[in-house]
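Listed below are the residues making up each chain.
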Amino acid sequence: MEGADYEVLSVREQLFHERVRECIISTLLFATLYIFCHIALTHFKKPAEFTTVDEEDATVNKIALELCTFTLAVALGAVLLLPFSIISNEVLLSLPRNYYIQWLNGSLIHGLWNLVFLFSNLSLIFLMPFAYFFTESEGFAGSRKGVLARVYETVVMLMLLTLLVLGMVWVASAIVDNNKASRESLYDFWEYYLPYLYSCISFLGVLLLLVCTPLGLARMFSVTGKLLVKPRLLEDLEEQLHCSAFEEAALTRRICNPTSCWLPLDMELLHRQVLALQTQRVLLEKRRKASAWQRNLGYPLAMLCLLVLTGLSVLIVAIHILELLIDEAAMPRGMQGASLGQVSFSKLGSFGAVIQVVLIFYLMVSSVVGFYSSPLFRGLRPRWHDTAMTQIIGNCVCLLVLSSALPVFSRTLGLTRFDLLGDFGRFNWLGNFYIVFLYNAAFAGLTTLCLVKTFTAAVRAELIRAFGLDRLPLPVSGFPRVSKKTQHQ
């Protein structure tokens, strides 16, 4: 009997040490993400809001910035969640009995999925609304001014918002599934209400990814073209430098001799234009000093990589559409236990797993590019050292919605066979064949349409500029005809 008790105690002690080890590893990972996100937000925040004379406003903004840092760290963790799980599985397959990777197991991965799900709910439902109301609050009328008065007002507003959202979700559930059991399940706040609400938010994020990712895939070519030095066939840097110098000289003369023009001049606007031209000229000088390897090899290789990754993404989605029609196992589903290190989730082994990870990151970057390129969210784009606090909160919320939907998005499109862990696999709409099939078909169709339209237009425009046809007084498609008045000027 004593031996059995000793074995039970040793097992409990081993489980305790494993839980402590998992907590330490999770804390270290999140602390690393938090520090990185804090540095990033520090470079985008508006310094005037944190060095104001009013210490109360500065304190409120600092608290809100920490909440935004926490939310952005959770968003980054959601982006790394699926790639980290895929790589961990391949590492355990390659080194099954290595002593130095004993800490990497299914329990740790499953715990990370649950933590990301929990913190995503916490950030979207409580922290970010609190941060917004906190920055906008002033305290109740008649109360003493201070940070505590703002906290009271924010808590009251948050409670009212919670009641409003709870009522809306209850009504929506009654409309969609009008039975007594579904309505009574909403009274279980933790087990049903929060996952149901997060399921709605995740579905909204997946729809947002469906719209932004094809647009971002098309925009990636133009964004990369602006960052890299193009070959001389596609751009004439000498001519751009001369034009920039002439424009700067003309604006400088107008600033030095404002009386020579009979129209009223906006001197502040002219100064901003001169600074923009000077910045552009510095960038053009750097591009002109680029080596021949950067000019003739870097740009074509980058365009080729983008084209291969985009084509591969569309091909995988097309194959997944066919698998959905043939095999029921292709449907996305969740699993409660993470059985890692037993089988590879790619038919190509470790090489296929690396391709999956690269595609997941590529689609996430493309979705962010498409999100900030869309006319609806273009005004939300953060600016270097000139982003207001409310704008930072809006960016963090949008990035968290996009990133928390990325695992579901990747599994729905068939980019990976890694099943969703924890509460990520409890979404009801994942089991609907028509929703999953139409989603895959819409993604493939929208991506192909955006690529064909953007690529053909970009190639046509670049060829016209390279051969100088845009300067001819001919009605060339894509360029307005140059009038005689403009030619004489």
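Note that the structure is predicted; figures quoted are calculated from it, not measured.

Participant: How would you explain the overall build of the protein if you had to name every residue and give the values?
Facilitator: Scanning the protein from terminus to terminus reveals 14 helices and two strands. When burial is assessed residue by residue, the protein has 40% of its 489 residues classed as buried. Taking the intrachain contacts of the protein between residues at least 6 apart in sequence as the baseline, contacts between residues at least 24 apart amount to 78%. When the accessible surface of the protein is totalled, it reaches about 27,900 Å², and 68% of it is carbon and sulfur.

Participant: Give a detailed account of the pattern of salt bridges, specifying residues and quantitative values.
Facilitator: On inspection of all chains with the given rule, the structure shows one salt bridge. Glu 22 is the partner of Arg 19 in a salt bridge, and the nearest nitrogen-oxygen pair spans 3.8 Å. Linking Arg 19 with Glu 22, this pair stays in helix α1 (residues 2-44), spanning three residues, or about one helical turn.

Participant: Describe helix α2 (residues 55-94), with residues and values.
Facilitator: An α-helix turns once per 3.6 residues; consequently, residues spaced three or four apart project the same way. In this model, α2 (40 residues) spans 56 Å end to end at C-alpha, consistent with the 58 Å of a helix rising 1.5 Å per residue. Along its length, α2 reaches its greatest deviation from straightness, about 35°, at Leu 80, and the proline Pro 83 lies no more than four positions downstream.

Participant: Quick one: what's the story with the packing of aromatic side chains, residue by residue and with numbers?
Facilitator: Scanning the model with the defined rule gives 13 aromatic pairs in all. Considering the side-chain rings of Phe 409 and Tyr 439, the 6.3 Å spacing of their centres and the 85° angle between planes classify their relative orientation as edge-to-face. With a gap of 30 residues between them, Phe 409 in helix α12 (residues 406-412) and Tyr 439 in helix α13 (residues 433-466) connect regions that are remote in the sequence. Summarising the burial analysis for this pair, Phe 409 and Tyr 439 share the class buried. Connected via pairs of aromatic rings, a cluster forms that spans Phe 30, Tyr 34, Phe 70 and Phe 119.

Participant: Could you give an account of the packing of α2 against helix α3 (residues 106-136), with specific residues and numbers?
Facilitator: Running from N to C, α2 and α3 point in directions that differ by 155°, and their axes come no closer than 9 Å. Comparing the axis directions of α2 and α3 gives the class roughly antiparallel. Regarding α2 and α3, the two cross each other, and that crossing is left-handed. Looking at the contact of α2 with α3 residue by residue, the class counts come to 21 nonpolar, eight polar and no charged.

Participant: An account of the environment of Leu 81 is needed here, citing residue identities and associated values.
Facilitator: If you trace the backbone, Leu 81 turns up in helix α2. Separated by 31 residues in sequence, Leu 81 and Leu 112 place their C-alpha atoms 7.7 Å apart. Leave out the neighbours within four places in its chain, and Leu 81 touches Leu 112, Trp 113, Val 116 and Phe 424.

Participant: Talk me through the side chain of Asn 61; I want residue IDs and the actual numbers.
Facilitator: You can see Asn 61 is positioned in helix α2. Look past the residues within four positions of Asn 61 in its chain and what remains in contact with it is Glu 49, Phe 50, Thr 135 and Met 389.

Here is what the cut-offs are and how they apply
- Residues numbered from 1 in each chain as written.
- Predicted model: local features only at pLDDT ≥ 70, side-chain atom pairs only at ≥ 80, totals over all residues.
- Heavy atoms only, no water.
- Helix = DSSP H or I, 4+ residues; strand = E, 2+ residues; numbered from the N terminus.
- Buried < 20%, exposed > 50% of the residue type's maximum accessible area, 1.4 Å probe, protein only.
- Contact = heavy atoms within 4.5 Å.
- Areas by Shrake-Rupley, 256 points an atom, 1.4 Å probe, with all protein chains shown as cover.
- Salt bridge = Lys/Arg side-chain N within 4 Å of Asp/Glu carboxyl O.
- Expected span 1.5 Å × (residues − 1).
- Bend = angle between axes of the 7 residues up to and from the residue.
- Phe/Tyr/Trp six-rings, centres within 6.5 Å; stacked < 30°, edge-to-face > 60°.
- Axes fitted to C-alpha atoms, helices over the stretch in contact; angles between N-to-C directions.
- Parallel < 35°, antiparallel > 145°, perpendicular 65-115°, else oblique.
- Left-handed = near helix turned anticlockwise from the far one by under 90°.
- Nonpolar A, V, L, I, M, F, W, Y, C, P; charged D, E, K, R; others polar.

Purely geometric numbers; function is a separate question.
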